Amino acid sequence: MRILLIGSAYNSLTQRVHAELRDRGHGVAVEVTPRGDDIRAAVRRHAPDLVVAPMLKAVVPRAVWSAHTCLIVHPGPVGDRGPSSLDWAVRDGVGEWGVTVLQADEEMDAGPVWATASCPVPRVGKSDLYRNEVSDAAVDAVLSAVERFASGRYAPLRQDSLPPAPGARTRPVMRQADRRISWADDSTDTVLRTLRAADSQPGVLDELLGGQWFLHGGHREPRLRGRPGELLATRAGAICRATADGAVWIPELRQRTPAGAPRACKLPAVTALGARLPALPDAEDASWSDIRYREEGPVGVLSFAFPGGAMSTDRCRRLLAAYRAACERPTTLLVLGAERDFFSNGIHLGVIEAAADPAAESWANINAMNDLVEAVLTTADRVVVSAVGGNAAAGGVMLALAADEVWCRSGSVLNPHYRRMGLYGSEYWTYSLPRRVGAAMAERLTREALPVTAARARDMGLIDRVVECAPSRFTAEVTLLAHRLAASPLAQSLLAAKKAECDRREAVTPLAAVRERELIRMRRIFSDPHAAYHALRGAFVRKEQAPAEPAGTDAVAAALSDAWLEHEPIRRLCRFSSPGGS
């Protein structure tokens, strides 16, 4: 079937639905359509059999839904309506939620239902929930709806003929007045629910050190106490703030800017506050950390969880230090990752954009990433497993590929390319990617720049194992599999193969030469003020539409002038792609 995906952004769910439908043999086109006129133009251009909107803020025009079946993915159960569905669910602390695939109609979220799926709501941030439990449910529902539509025999059900889920109702947009925190009165549980309901977007607007900031993310701190609202400590770039009965860690802040001014970057809280931040103790013994290590017999597990999967220079260096310390332990197998949600998306574009010298910070960040990847690639005394519990992109994929084994949760989506940010790429990708999938497929993956499901990645040899489990089970499942591998003869075979490959590699093209070759290209891009990378980076971190490509870029950035990054009323991400390809 020819399916057109329309969305307000090519976000994580749109990418996953795109990749899942292609895996099942459908021809899929994708367009980012910010307005109703754009939707009409997209449908005229593609003449699809079916229109699917995984994430759409615009209203589908009558001229479209009256002539074509348009399926809207609503992140709420039957009976729930409104654009802030997940925000309310997380803030209210519901235990179970759902996804409804309904047909576009006159009234928003009121059309007939094609499919539904339920999902648990663990105590995590809204964006984590959206990329994991909600994404799993949405894919199940979308695939069911597409199959029912293709059959030509299914009649969607009127919403009033279905029992509404408990608590489901029409809800208003959640505004900042609904998100306000009363530090003197609100319990830690209340503060955490409020923060998590806005963790990625839009954040919670608050007063802090004489300024107005959007607070992003929240983690419980069980031991530190202070006057409600007081800043108590820092750790790993986050700040700890006292609540009425405890304290929370806030990893990121975004400064509120005047109306009409460019949107500020979301940054590690300590970086954002800068000189405003008073001298605070570094809480080394705090219960929360973005990097953790644990050991069970022969298996070490080094887990990390960075907001948005972004790895700044500091985060790379801290993770490298932790990795080296883990390699000093008497284990035979080391798991890298094993957390739910993002594995890594590579360098931290927000920190780079906010730096006094973005080119210099880009250079420092990519070298810090390379140091980390090199350490993994050259670990010779134990088996290293990358455990990818969520999505990964660009240098984050290459970090995973540096390990001996790569295991992905079934819901993971990989983007093993750099081109949509105007970069050639580094992290030893010119060695690791062809080693895994061959030169021809490596060229195709980086040229097409399309998302890849975990199942497709396994089939092409990009990863070794798909772990079929719920997001909340990933850590336990990976740990169990790691123990089995550590006790099997395969572990010694992997070590022997790694040593033989290392000897061959260093005799032909040493890693140092690979790194130098990649960094020559990257330095050229970083140092060129007209390179597409700088404009694309700014648009990405400030949530602006990608600009027209600056002139005078090198060959890699110039290749970005195709439909993926055209500055048009409609950003056409891709035309109907060949079924099953990636």
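Structure: above.
Undergrad: How should the environment of Ser144 be read in this particular structure?
TA: Structurally, Ser144 can be placed in helix α5 (residues 126–151). C-alpha of Ser144 to C-alpha of Ile463: the two residues are 319 residues apart in sequence and 27 Å apart in space. Here the side chain of Ser144 touches Asp140 through a polar contact of 3.0 Å, landing on its backbone oxygen.

Undergrad: What is the right way to look at the pairing of strand β5 (residues 96–103) in this model?
TA: A regular strand places its side chains so that they alternate between the two faces of the sheet. Burial analysis of β5 places seven of its eight residues in the buried class, the great majority of the element. The pairing of strand β4 (residues 70–74) with β5 spans four bridges and is antiparallel. Residue pairing in the sheet places His74 in a bridge with Thr100 of β5. The pairing of β5 with strand β6 (residues 113–120) spans seven bridges and is antiparallel. Bridged to Trp97 within β6 is Cys119.

Undergrad: What should I look at first to understand the pattern of salt bridges in this one?
TA: Side chains carrying opposite charge are able to pair once their charged atoms draw close together. Considering all chains together, one arrives at 36 salt bridges under this definition. Asp136 serves as the salt-bridge partner of Arg409, at 3.0 Å between the closest nitrogen and oxygen. Note that Arg409 is positioned in strand β20 (residues 405–409) and Asp136 in helix α5, a separation of 273 residues in sequence. This pair shows no difference in class: Arg409 is buried, exactly as Asp136 is.

Undergrad: Before we go on, may I ask you to explain the packing of helix α13 (residues 429–437) against helix α18 (residues 511–527) in this structure?
TA: Each pair of packed helices can be summarised by the angle the axes make with each other and by the distance between the axes. Close contact between α13 and α18 brings their axes to 9 Å; oriented N to C, the two are set at 110°. By the criterion of interaxial angle, the relationship of α13 to α18 is roughly perpendicular. Counting all contacts with α13, which are made through Trp429, Thr430 and Tyr431, the residues of α18 involved are Leu511, Val514, Arg517 and Glu518. Considering only residue class, the contact of α13 with α18 consists of four nonpolar, one polar and two charged.

Undergrad: Would you mind showing me how to read the sheet that holds strand β11 (residues 238–242) here?
TA: Within a sheet, adjacent strands bond to each other through the backbone by hydrogen bonds, running parallel or antiparallel. Reading across the sheet, the four strands line up as β9-β12-β11-β10 and stay open at both edges, with antiparallel pairing between neighbours. This sheet does not close on itself; its edge strands, each paired only once, are β9 (219–221) and β10 (231–235). Each strand of the sheet is rotated relative to its neighbour by a mean of 30°, with strand direction disregarded. Examined bridge by bridge, β9 and strand β12 (residues 247–250) share three bridges and lie antiparallel to one another. Bridged to Arg220 within β12 is Val248. Strands in contact with helix α7 (residues 188–196) are β9 and β12; relative to β12, the strand with the most contacts, it is inclined by about 20°.

Undergrad: Mind showing me how you'd approach the side chain of Ser289 here?
TA: Here Ser289 shows up in the loop between α8 (269–273) and β15 (291–296). Exposure remark for Ser289: the relative accessible area of 16% places this residue in the buried category. Here the side chain of Ser289 touches Ile291 through a polar contact of 2.9 Å, landing on its backbone oxygen.

Undergrad: Sorry if this is basic, but what is going on with the sheet that holds strand β13 (residues 252–255) here?
TA: An order of β7-β8-β13-β14 is seen for the four strands of this open sheet, with the pairing classed as antiparallel. Each having just a single partner strand, β7 (204–208) and β14 (267–268) make up the two edges of the open sheet. The pairing of β13 with β14 spans two bridges and is classified as antiparallel. What sits directly across from Leu253, in β14, is Leu267.

Undergrad: Where do I start with the pairing of strand β2 (residues 27–32) in this structure?
TA: Along β2, six of the six residues are buried, which leaves the element largely enclosed by surrounding structure. Side chains Gly27, Ala29 and Glu31 of β2 all project onto a buried face; the interleaved residues Val28, Val30 and Val32 project onto the opposite face, where all are buried too. As paired strands, strand β1 (residues 2–7) and β2 are joined by six bridges and run parallel to one another. When the sheet's bridge partners are listed, Ile6 is paired in β2 with Glu31. Read as a crossover between parallel neighbours, the route from β1 over helix α1 (residues 12–23) to β2 is right-handed.

Quick notes on the rules
- Residues numbered from 1 in each chain as written.
- Predicted model: local features only at pLDDT ≥ 70, side-chain atom pairs only at ≥ 80, totals over all residues.
- Heavy atoms only, no water.
- Helix = DSSP H or I, 4+ residues; strand = E, 2+ residues; numbered from the N terminus.
- Polar contact = N/O pair within 3.5 Å; in protein donor to acceptor, adjacent residues only side chain to side chain.
- Buried < 20%, exposed > 50% of the residue type's maximum accessible area, 1.4 Å probe, protein only.
- Pairing = 2+ DSSP bridges.
- Salt bridge = Lys/Arg side-chain N within 4 Å of Asp/Glu carboxyl O.
- Axes fitted to C-alpha atoms, helices over the stretch in contact; angles between N-to-C directions.
- Parallel < 35°, antiparallel > 145°, perpendicular 65-115°, else oblique.
- Contact = heavy atoms within 4.5 Å.
- Nonpolar A, V, L, I, M, F, W, Y, C, P; charged D, E, K, R; others polar.
- Right-handed = clockwise from strand over helix to strand, strands pointing away.

Nothing here speaks to function; it is all geometry.
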